[in-house]
Amino acid sequence: MCCLFGILDYGHTLSQRQREQMLSILATACEARGTDATGIAYNDARALRIYKRPLPGHRMRFHLPPEARFLMGHTRMTTQGSAHRNRNNHPFPGRACGLSFALAHNGVLHNDRALRRQWKLPESPIETDSYVAVQLLERQGGVSFTDLCFMAEQVEGSFTFTVLDRSDTLSIVKGDNPFCLYHYPREGLYLYASTEAILQQALRRMPGKFGLRQTISVACGEILKIAADGTLTRSEFDDANLWRPTALWGYSSAAWGRGTHMEALQSVARALGHAPEELEELAQAGFTEEELEDWLYGGLLE
């Protein structure tokens, strides 16, 4: 499991120092879902920049240029590709038809090697499964709705992607992994994280007070774009390739619900030395996905 997070200051109401503080608070809160690496992407006056290190969020020191107002972040729990090789960490850089973009992923993809063979994608030293999404977008030639839809319908597994391009447009490609987006219209501000609990925790520590808050829904199978002026546009993709453990394990949809991220939990379990069968037994005993995730990260089941 990993965590996506970000700050979209389209109203230009935050100071540089406030954005740095809020970014640090968000990154630290997101350690709940990964401490192996932390990274951010943003635009300055000359280029799209990516800053990432194999460090937990609280050890990162963020120094932003004044013009960096759309900030996309990621904390990592390693499942494939060593975090000590920084190229394996998120966000990943991409370039298509002269357009630079950065991509971050929460989830696990299990057909990345097959996709590289199928589409004859170039070899890369990046070992992380997520990187195939960058390569698919590069092959398509951009990050339009059409391009993002193609990518989302090719990959199989569990995912939510965020993509930041040079125009300060953030695209959210929502699969079955969680995502929470808050909007503060008075401030002209969006804040997001992978879970509402993490976002709420970060907000309690943030400097200042914000006005009225709106929760912006992003459904499974939906693509949401947030432009530099805060405008929202939406599209959809076919989510048939999302991981469906119900079909393999025989659990009812009532027990698991639609659009679970159990495959990602299984991958994390393996990385931490647990057998996937343990998750099955606990699920059959009535524990929820959220409780199982807390257990994997060192919590207790009651």
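Residues numbered from 1 in each chain as written. Predicted model: local features only at pLDDT ≥ 70, side-chain atom pairs only at ≥ 80, totals over all residues. Heavy atoms only, no water.

Draft legend 1. Spatial organisation of the nonpolar core. If you look at the biggest cluster of nonpolar residues, it comprises 29 residues, and the most contacted ones within it are I7, L23, L191, L199 and M206. Residue assignment for this core shows that the elements contributing at least two residues are β1 (3-8), α1 (16-29), β2 (37-43), β9 (180-184), β10 (189-193) and α5 (196-203). Sort the elements by how many residues they give to this core and α1 lands first, with 6 residues. M206 has contacts with M22, I25, L26 and L191, leaving out every residue within four places of it along the chain. Formed by 28 residues, the second largest nonpolar core is a distinct cluster that contains L136, L137, C149 and A152. (Core = buried A, V, L, I, M, F, W, Y, C linked by side-chain atoms within 4.5 Å. Buried < 20%, exposed > 50% of the residue type's maximum accessible area, 1.4 Å probe, protein only. Helix = DSSP H or I, 4+ residues; strand = E, 2+ residues; numbered from the N terminus. Contact = heavy atoms within 4.5 Å.)

Draft legend 2. Just α5, in detail. Among all positions in α5, only I198, L199, A202 and L203 are buried. What you see down the axis of α5 is that its buried residues fit within an arc of 135°, all on one side. Residues of α5 that are buried make contact with β1, α1, β9 and β10. (Arc of directions from axis to C-beta.)

Draft legend 3. Spatial organisation of the sheet that holds strand β4 (residues 70-76). Judged by pairing direction, the sheet is antiparallel, and its 7 strands sit side by side in the order β3-β2-β4-β1-β10-β9-β11 without closing on themselves. Each having just a single partner strand, β3 (48-53) and β11 (214-216) make up the two edges of the open sheet. The average angle at which neighbouring strand axes cross in this sheet is 20°, direction not considered. Bridging between β9 and β11 involves 3 bridges; their strand directions are antiparallel. Among the inter-strand pairings, Y182 is bridged to a residue of β11, identified as T215. Against the sheet, α1 engages β1, β2, β4 and β10, with an angle of about 165° to β1. Sheet strands in contact with α5 are β1, β9 and β10, and its direction is about 40° off that of β9. (Pairing = 2+ DSSP bridges. Axes fitted to C-alpha atoms, helices over the stretch in contact; angles between N-to-C directions.)

Draft legend 4. How the structure looks around the packing of α1 against α5. One way to put it is that α1 packs onto α5 with a least axis distance of 9 Å and a crossing angle of 135°. As the angle between them shows, α1 and α5 are arranged oblique. The interaxial crossing formed by α1 with α5 has right-handed handedness. Counting all contacts with α1, which are made through I25, L26 and A29, the residues of α5 involved are I198, L199, Q201 and A202. Taken together, the residues that form the contact of α1 with α5 break down as 6 nonpolar, 1 polar and no charged. (Parallel < 35°, antiparallel > 145°, perpendicular 65-115°, else oblique. Left-handed = near helix turned anticlockwise from the far one by under 90°. Nonpolar A, V, L, I, M, F, W, Y, C, P; charged D, E, K, R; others polar.)

Draft legend 5. Examining the packing of aromatic side chains more closely. Per the stated rule, a full pass over the model turns up 8 aromatic pairs. Taken together, the aromatic side chains of F159, F161 and F237 make up a single cluster linked through ring pairs. The ring of F145 carries the charged tip of K225 above its face, separated from the ring centre by 5.4 Å. (Phe/Tyr/Trp six-rings, centres within 6.5 Å; stacked < 30°, edge-to-face > 60°. Lys NZ or Arg CZ within 6 Å of the ring centre and 35° of its normal.)

Draft legend 6. Focus on helix α4 (residues 145-154). Counted residue by residue, α4 has 7 buried out of 10 residues, so it is predominantly covered. The complete set of buried residues in α4 reads D147, L148, C149, F150, M151, A152 and Q154. Looking at the buried residues of α4, the elements they touch are α2 (112-118), α3 (131-140), β7 (157-165), β8 (170-174), β12 (222-226) and β13 (232-236).

Draft legend 7. Main features of the confidence of the model for the chain. For the chain, per-residue confidence averages 88 on the pLDDT scale, and residues scoring 70 or more make up 84% of the total. Contacts for the low-pLDDT stretch residues 244-260, under 50 throughout, to residues beyond four places or in other chains number 27 contacts. Segment residues 298-302 is flagged for pLDDT under 50; beyond a separation of four residues in sequence, or across chains, it makes 7 contacts in the model. (pLDDT = per-residue confidence, 0-100.)

Draft legend 8. Seen up close, unusual backbone geometry. Geometrically, the link from H90 to P91 is a cis peptide bond, its omega value of -5° lying close to zero. Here C97, not a glycine, exhibits a phi torsion of approximately 50°, which is positive. Along the chain, the position of C97 falls in the loop between β5 (92-96) and β6 (99-109). The backbone phi angle of D168 is positive, close to 60°, even though this residue is not glycine. Take D168: it is sitting in the loop between β7 and β8. Judged by its relative accessible area of 15%, D168 is buried.

Draft legend 9. Inspection of the packing of α3 against α4 at higher detail. Relative to each other, α3 and α4 sit at 140°, their axes nearing to 9 Å. With respect to α4, the element α3 is oriented oblique. Note that α3 runs across α4; the crossing there is right-handed. Judged by residue contacts, A133, L136, L137, R139 and Q140 of α3 engage D147, L148, F150, M151 and Q154 from α4. Partitioning the contact of α3 with α4 into residue classes produces 6 nonpolar, 2 polar and 2 charged.

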